[in-house]
Amino acid sequence: MSRLFQLSWIMGLAFWSWDASAAWSSGGGGLFRDANNAWFVHNTDSVHYCISIDESQTSLSEEQVDRAFRKAVAYWQHEFSFTNFATADVIISTQTFVKIPCPKDPAAPVDLVLQVGYLTAAQKQEIKSYATYASLAVRTQYDEKNLRARGFLYLAPEKSLSTIQGYELTEDPWSGHDQVLLYWTLVHELGHVFGLQHTGQTPSPRNIMSYGFVEFILQKRHLNLLRSNLGSKAFFQIHAQPQNAPELNCYQTMTSTLQTLQMFFGLPQNWLCFGTWLRDQSLEIWTAPNVQQSMQPVRIGTIYFMQERKEGRPAMTFWIPEAQTVIRKNDYPLLPSYVVRNIKGRYVHAQTGGERWLGLVLDPRQDSPLLNDLRIMTEFNGVYYMDLIKGF
Ligand SMILES: [Zn+2]
């Protein structure tokens, strides 16, 4: 059993030094070149999965786990549908997922086991620091000819899990809260199954593939924050759709970065909130005096999109083994990609009609929400800014 293991797991938790270990990072060669490959590509029609629950460790029913899992699969199928271009060499998340009973024989063929609340003795031996993780996606076999993996998703025992990294965890993280934390955890781990690595170093409730995302959302102190703000509704092209309302960020006190924004956009002096509202072909600039009044923001001007170029940036790495016959052998296979918008814009102040030109980049790879994904490049007072909102 243990010989079948390849040292390739991606964790939902801290231990960053491991996760980023050179042994299986992309392009590094060596023994683990395929370690980041999606578990299944377009030649695999169906994935057989089963659900195995330690009932002494959670009150979740198999049906609840299955519902959250199917919803998480649907999330990625929808997301990848934007990025599985007809010309792509690697097409992801096209499989039908078929639930089967977990076979008694551990060597029996099942592609993906959802293990809730336990690890086997053999798995514990392979994953020495398992107690540090709230969830894992562990690949145990990889078929280099058919580009097809087997493995399991592990969810830690919620009844014996009360703290991680010194932070108190929400009670019943999997079975409670209408299984919303379970759902987003499965979305994160399935993202790894579909070949995505971590995006961004800072966990946030909206950046679902960020390092430490699962650890972050499971912390008790974040539960209120999560209620309205958990999970990204879109992953690959988060800015393709206009927003429904302005998104404001309020400072506690005046900063030099905020002062630059005030001068550049002509905001009222000493107002502490800065925000944007993405429209179809423009980005509005909004402001408010302070956090207390941020529910009644004011539009101060609009950046009109004059020219736009869309750009795809690969969302994953894929190592093509010699033995395979599924994918055309290109030096640079076309992979599922993020859609980045590069925009040349003209800012017009609503009251004075004053104009400024600037460059905008809307890049879904960065932390959501929009304010963090948006980069404004411009020259102002003799200084060239790569990212005006962040102040450099
Ligand atoms: Zn992860």
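Model, not experiment: these values are computed from the prediction. For every chain, the first residue of the written sequence is number 1, and numbering continues from 1 onward in sequence order. Selection of residues for local features in this predicted model requires a pLDDT of at least 70, selection of side-chain atom pairs for listing and counting requires 80 or more, and totals for whole chains, interfaces and linings are taken over all residues. Each side-chain value is derived from all of the structure's non-hydrogen atoms; neither hydrogens nor water enter the calculation.

Visitor: Just to check I follow, could you spell out the packing of aromatic side chains for this structure?
Guide: When we look at a pair of aromatic rings, we describe it by the centre distance and by the angle of the planes. Paired rings are identified among Phe, Tyr and Trp, the last through its six-membered ring, by centres lying within 6.5 Å, and are further divided according to the angle between planes into stacked (under 30 degrees), edge-to-face (over 60) and tilted (the rest). Going through the model one piece at a time under the given rule, you end up with 20 aromatic pairs. Here a set of aromatic residues connected by ring pairs shows up, and it is made of Y49, F69, Y75, W76, F80, F97, Y183, W184, F194, F235, F236 and Y338. Charge-over-ring placement is defined geometrically: NZ (Lys) or CZ (Arg) within 6 Å of the ring centre, and within 35 degrees of the ring normal. Against the face of Y183 rests K71, its NZ or CZ located 4.2 Å from the ring centre. Between R356 and the ring centre of F264, over which it is positioned, the NZ or CZ distance is 5.0 Å.

Visitor: What is the right way to look at the pairing of strand β15 (residues 374-380) in this model?
Guide: Where a strand is regular, its side chains alternate between the two sheet faces. With respect to burial, β15 is a largely interior element, five of its seven residues being buried. Any two strands are treated as partners once DSSP identifies two or more bridges connecting them. Helix and strand labels come from DSSP, where a helix needs a run of H or I of at least four residues and a strand needs a run of E of at least two; each type is numbered from the N terminus. Of the pairings in the sheet, the one linking strand β14 (residues 355-362) to β15 comprises four bridges and is antiparallel in character. Each residue of the ladder has a partner; that of L362, found in β15, is L374. Pairing of β15 with strand β16 (residues 383-385) involves three bridges; the strand directions are antiparallel. Considered in β16, the bridge of E379 is made with Y384. Connecting β15 to the next strand, β16, in antiparallel fashion are two residues, including N381 with a positive phi near 50°. Only protein chains enter the accessibility calculation, which uses a 1.4 Å probe; a residue whose area is less than 20% of its type maximum is buried, one above 50% is exposed, and one in between is partly exposed.

Visitor: Teacher, can you tell me more about helix α7 (residues 256-265) here?
Guide: Think of an α-helix as turning once every 3.6 residues; residues three or four places apart then point the same way. Burial of α7 is extensive: seven of the 10 residues sit out of reach of the surface. For α7, every residue scored as buried is listed here: T257, L258, T260, L261, Q262, F264 and F265.

Visitor: Hey, could you run me through the nonpolar core in this one?
Guide: Proteins that are soluble and globular tend to have nonpolar side chains buried together. In this structure, F69, W76 and F318 are the most contacted members of the largest nonpolar core, which totals 74 residues. At the level of secondary structure, the elements contributing two or more residues to this core comprise β2 (46-53), α2 (62-81), β4 (112-116), β5 (135-143), β6 (148-155), α4 (180-193), α5 (213-218) and α6 (223-229). Residue contacts are counted whenever heavy atoms from the two residues lie within 4.5 Å of one another. Among all residues touching W76, those that are not within four sequence positions of it are S93, V187, L190, G191, F194, L196, I208, M209, F235 and F236. Within the second largest apolar cluster, 24 residues are counted, among which are L283, F305, L362 and I376. Among buried residues, the Ala, Val, Leu, Ile, Met, Phe, Trp, Tyr and Cys ones that are joined through side-chain atoms within 4.5 Å form a nonpolar core.

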